[in-house]
Amino acid sequence: MFWQRKDLLGLRYLTPEEINLILDTAVPMKEIIGRKIKKTPTLRGRSMVTLFYENSTRTRSSFDLAGKFLSADTVGLTASSSSVAKGESLRDTGLTLTAMGVDVVVMRHPASGAAEYLAKCIPAAVINAGDGTHEHPTQALLDMFTIREKKGSMAGLKVVIVGDILHSRVARSNIWGLTKMGAEVRVVGPITLMPKDIEKMGVKVYHRLEDALEGADVVNVLRIQLERQQQGLFPSLREYSRLYGINQKRLELTASDAIILHPGPMNRGVEIEHQVAYGNRSFINEQVTNGVAVRMALLYLLTGGEYHALSN
Amino acid sequence: MNELDLKEKAQILDDKGMRRAMVRIAHEVIERNKGVDNLVLIGIRRRGVPLAQRLAKYINDIEGTAVPVGILDITLYRDDLTTLANQPQVHQTEVTFSITGKKVVLVDDVLYTGRTVRAALDAIMDLGRPEVVQLAVLIDRGHKEIPIRADYVGKNVPTSRKEVISVRLTEIDKEERVVILEGIE
């Protein structure tokens, strides 16, 4: 099968075949990251901009390195140090970048739907690197790549997503992606951080962590954003940690070969205990490597050849 | 050109002919390199891979030494990605040994324009610095577009550009022969 889309906006729109194509393409890309000379001439003459309206370390540098490993020319823009700070609209920023000859725009934006809007305004490929509380497709793809790598397949696995489901774009993308690939997704977190009607997304909802962890194959721990506590959505970090923190004892409830994932950065001692984060079940560092591989795969698929764009 | 729109014009090699050609190449490789010390074989995906594995077997039969075989995927090194209608699927390069200081024999089924071999040379240089790189092909069909020649050739077959050489290997195609195909009028 061939990639036929102009953009990558979210996993909600992708077919299982498209997801598999991305993950299959990421396998040889990971081999390149392991080489002494991490460089191929594949995207020579292609250009990529990372346009970030929110702070980020790993997603942004991961895209930047992915582009560089494939020989694309990469430029980084942050909202605070560009014309955005002078009030330029998203559409005008996009058109300016297009006029400069940019082939791919990787964008993070605090507004849900911003990536989709930009994709409609400009002919360049747009990759959503996180939009509001909507989707973070590349994070979910790297989670799925890691799961597939460790477990062989996603079908039939019991995957627990624990934490602030309400505000998490990582959780949404993971739910859309994993359910499509045949996994059983369980979400667990405080009732104040659980979206209403989330069952409609095809997941099982739990409020007691122990119940959710029973027999799980994968535990994906979300980062608690400390500002949520200040908004009063849960009483205290200590209480959150006591009820929803992943520790060694709770891990015993999962399958004996269960793996632990976390999108980072971690609040160690809050949502995840130190020993678990650095234990032999944790693949958190490998997720970072896999993130570069998955992003290389996407850059290749979106720019490596002419495509017949479908509307998403 | 889609292979479905082509008809078979002639058979160039049968299974015995292919075996003889590869055994002869094995002898030539050993002779030119004065043995198999420091020798490694790298097959270009797809059909170069089984051919490299066969060459390793024939070399082992003659010299009693197992020569390492690697697999090279050159998709990321192609110079025509932007002009293709659909980008080709990338597969993994599997060269598990160091090639620095080694005598590398690159193996492919057909030598045509030379662009695949150019891409393969770029890919090899990114993996390390070999002492020497030699090229072995089952068929050389002419029409080179860049100055690349094979060191070992199973059979030279002058062709027209309208024709297609199809190497059929048991491992991939469930049959063992080389044929010339041409377009149906």
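Cut-offs used in this document
Residues numbered from 1 in each chain as written. Chains lettered and ligands numbered in written order. Predicted model: local features only at pLDDT ≥ 70, side-chain atom pairs only at ≥ 80, totals over all residues. Heavy atoms only, no water. UniProt positions renumbered as here; feature names shortened; annotations may be inferred. Helix = DSSP H or I, 4+ residues; strand = E, 2+ residues; numbered from the N terminus. Rg over C-alpha atoms; globule rule 2.2 N^0.38 Å. Buried < 20%, exposed > 50% of the residue type's maximum accessible area, 1.4 Å probe, protein only. Contact = heavy atoms within 4.5 Å. Areas by Shrake-Rupley, 256 points an atom, 1.4 Å probe, with all protein chains shown as cover. Lys, Arg positive; Asp, Glu negative; His and termini not counted. Charge placed at Lys NZ, Arg CZ, Asp CG, Glu CD. Axes fitted to C-alpha atoms, helices over the stretch in contact; angles between N-to-C directions. Parallel < 35°, antiparallel > 145°, perpendicular 65-115°, else oblique. Nonpolar A, V, L, I, M, F, W, Y, C, P; charged D, E, K, R; others polar. Buried area = accessible area lost by both parts, 1.4 Å probe. Salt bridge = Lys/Arg side-chain N within 4 Å of Asp/Glu carboxyl O. Polar contact = N/O pair within 3.5 Å; in protein donor to acceptor, adjacent residues only side chain to side chain. Pairing = 2+ DSSP bridges.

Under an unreviewed UniProt entry, the name given to chain B is Bifunctional protein PyrR, and the source organism is Desulforamulus reducens. The heading Subunit (unreviewed entry) in the UniProt record of chain B holds the text "Homodimer and homohexamer; in equilibrium." If you open the UniProt record of chain B and go to Catalytic activity (unreviewed entry), you find "UMP + diphosphate = 5-phospho-alpha-D-ribose 1-diphosphate + uracil".

UniProt lists chain A under the name Aspartate carbamoyltransferase catalytic subunit, with Desulforamulus reducens given as the organism. For chain A, the Function comment in UniProt is given as "Catalyzes the condensation of carbamoyl phosphate and aspartate to form carbamoyl aspartate and inorganic phosphate, the committed step in the de novo pyrimidine nucleotide biosynthesis pathway." Under the UniProt heading Sequence similarities, the entry covering chain A gives this text: "Belongs to the aspartate/ornithine carbamoyltransferase superfamily. ATCase family."

As a further point, take the overall build of chain A. When helices and strands are tallied, chain A shows 12 helices and 9 strands. Here the C-alpha atoms of chain A give a radius of gyration of 19 Å, agreeing with the 20 Å that 2.2 N^0.38 yields for 312 residues. With the C-alpha coordinates of chain A rotated into their principal frame, the extents come out at 55 × 40 × 35 Å. Looking at chain A residue by residue over its 312 residues, the buried ones come to 57%. Put simply, 74% of the contacts in chain A that link residues at least 6 apart link residues at least 24 apart. Here chain A displays about 12700 Å² of accessible surface, and carbon together with sulfur accounts for 51% of that area. Between the mean site of the 38 positive side-chain charges and the mean site of the 32 negative ones, chain A shows a separation of 3 Å.

Moving on: the packing of helix 1 (residues 16–33) of chain A against helix 5 (residues 137–151) of chain A. Residue and element names in this part refer to chain A. Contact pair helix 1 / helix 5: the axes reach a minimum separation of 10 Å and the direction vectors enclose 75 degrees. When the interaxial angle is binned, helix 1 and helix 5 end up roughly perpendicular. Contact residues: Ile19, Asn20, Ile22, Leu23, Asp24, Ala26, Val27 and Lys30 in helix 1; Leu141, Met144, Phe145, Arg148 and Glu149 in helix 5. Tallied by class, the residues present in the contact of helix 1 with helix 5 amount to 8 nonpolar, 1 polar and 4 charged.

It is worth spelling out the interface of chain B and chain A at this point. The interface of chain B with chain A comprises 18 residues on the first partner and 26 residues on the second. Together, the buried faces of chain B and chain A total about 1900 Å²; carbon and sulfur atoms form 53% of this surface. Broken down residue by residue, the surface that chain B buries against chain A is led by Leu76, Asn86 and Gln87 of chain B, which jointly contribute 33%. Here chain B and chain A share 0 salt bridges between them. Our count for the contact surface shared by chain B and chain A stands at 3 residue pairs in polar contact (both at pLDDT 80 or more). Of the residues belonging to the side of chain B that touches chain A, the class tally is 9 nonpolar, 8 polar and 1 charged.

Turning next to the sheet that holds strand 4 (residues 103–111) of chain B. Residues and elements named next belong to chain B. Taken in spatial order, the 5 strands make up an open sheet running 3-2-4-5-6, and their pairing is parallel. Only two strands of the sheet have a single partner each, and these edge strands are strand 3 (69–72) and strand 6 (152–156). Pairs of neighbouring strands in the sheet enclose a mean axial angle of 25 degrees, with direction left out of account. Alignment of strand 5 (residues 132–140) against strand 6, held across 4 bridges, turns out to be parallel. Along strand 6, the bridge assignment pairs Asp140 with Asn156. Against the sheet, helix 2 (residues 48–63) engages strand 2 (39–44), strand 3, strand 4 and strand 5, with an angle of about 155 degrees to strand 2. Each of strand 2, strand 3, strand 4 and strand 5 touches helix 3 (residues 115–127); the most contacted strand, strand 4, lies at about 155 degrees to it.

Quick look at the UniProt feature "short sequence motif: PRPP-binding" (unreviewed entry) in chain B now. Using the residue numbers shown here, the UniProt feature "short sequence motif: PRPP-binding" (unreviewed entry) corresponds to residues 104–116 of chain B. A helix fraction of 15% and a strand fraction of 62% characterise residues 104–116 of chain B, whose end C-alpha atoms lie 16 Å from each other.

What follows concerns the side chain of Glu135 of chain A. Residue and element names in this part refer to chain A. You can see Glu135 is positioned in the loop between strand 4 (125–131) and helix 5. Buried and unpaired, Glu135 has Arg12 as its nearest opposite-charge partner, separated by 6.2 Å. Reaching out from Glu135, the side chain makes a polar contact with the backbone nitrogen of Arg12 at a distance of 3.1 Å.

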